[in-house]
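These are the residues of each chain, in order.
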Amino acid sequence: MEVAANFPDECRYVLEMLGQVYGYDAEARERGLAPEQRLRFHQEFSTPVMDQLHGWLEAQFAERKTEPNSGLGKAITYLLRHCVL
């Protein structure tokens with residue numbers, strides 16, 4: 001919650017991107033896709049969103065937009081290390 005309060009625009013962007021992926025997952029479930037079809041669906045629709053998010057996360061450090069030791073920097077580091085991006 002501290003990160004969102006201190007970095008609202010950045011957190012909103014990340015949440016919107018992740019929301020798109022969750023939206024695609026809900027759509028795949030609603031369609032009743034088999035596991036293989038669901039994988040292909042995510043590869044087509046979710047992968048580009050996650051690639052864009054990954055690029056944005058890396059750019060925060062590469063372009064010195066975010067200090068790695070800040071709350072946002074620590075959250076970004078966590079996402080880059082622990083999430084499949």
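Residues numbered from 1 in each chain as written. Predicted model: local features only at pLDDT ≥ 70, side-chain atom pairs only at ≥ 80, totals over all residues. Heavy atoms only, no water.

Draft legend 1. Representation of the side chain of Thr-66 in the model. Looking at the element boundaries, Thr-66 is found in the loop between α3 (35–62) and α4 (71–82). Look past the residues within four positions of Thr-66 in its chain and what remains in contact with it is Gln-60, Phe-61, Leu-72, Gly-73 and Ile-76. (Helix = DSSP H or I, 4+ residues; strand = E, 2+ residues; numbered from the N terminus. Contact = heavy atoms within 4.5 Å.)

Draft legend 2. Focus on the environment of Glu-58. As for its placement among the helices and strands, Glu-58 is situated in helix α3. Using a relative accessible area of 41% as the deciding quantity, one classes Glu-58 as partly exposed. Between the C-alpha atom of Glu-58 and that of Ile-76, which follows or precedes it by 18 residues, the distance is 8.3 Å. (Buried < 20%, exposed > 50% of the residue type's maximum accessible area, 1.4 Å probe, protein only.)

Draft legend 3. Fine view of the packing of α3 against α4. Their axes nearest at 10 Å, the elements α3 and α4 cross at an angle of 135°. Relative to α4, the element α3 lies oblique. Here α3 runs over α4; the crossing is left-handed. For the pair α3 and α4, contact is made by His-54, Leu-57, Glu-58, Gln-60 and Phe-61 and by Gly-73, Ile-76, Thr-77, Leu-79 and Leu-80, respectively. Across the contact of α3 with α4, the residue classes tally to five nonpolar, four polar and one charged. (Axes fitted to C-alpha atoms, helices over the stretch in contact; angles between N-to-C directions. Parallel < 35°, antiparallel > 145°, perpendicular 65-115°, else oblique. Left-handed = near helix turned anticlockwise from the far one by under 90°. Nonpolar A, V, L, I, M, F, W, Y, C, P; charged D, E, K, R; others polar.)

Draft legend 4. Spotlight on unusual backbone geometry. Positive phi is not limited to glycine here, since Arg-64 has a value of about 55°. By the element assignment, Arg-64 lies in the loop between α3 and α4.

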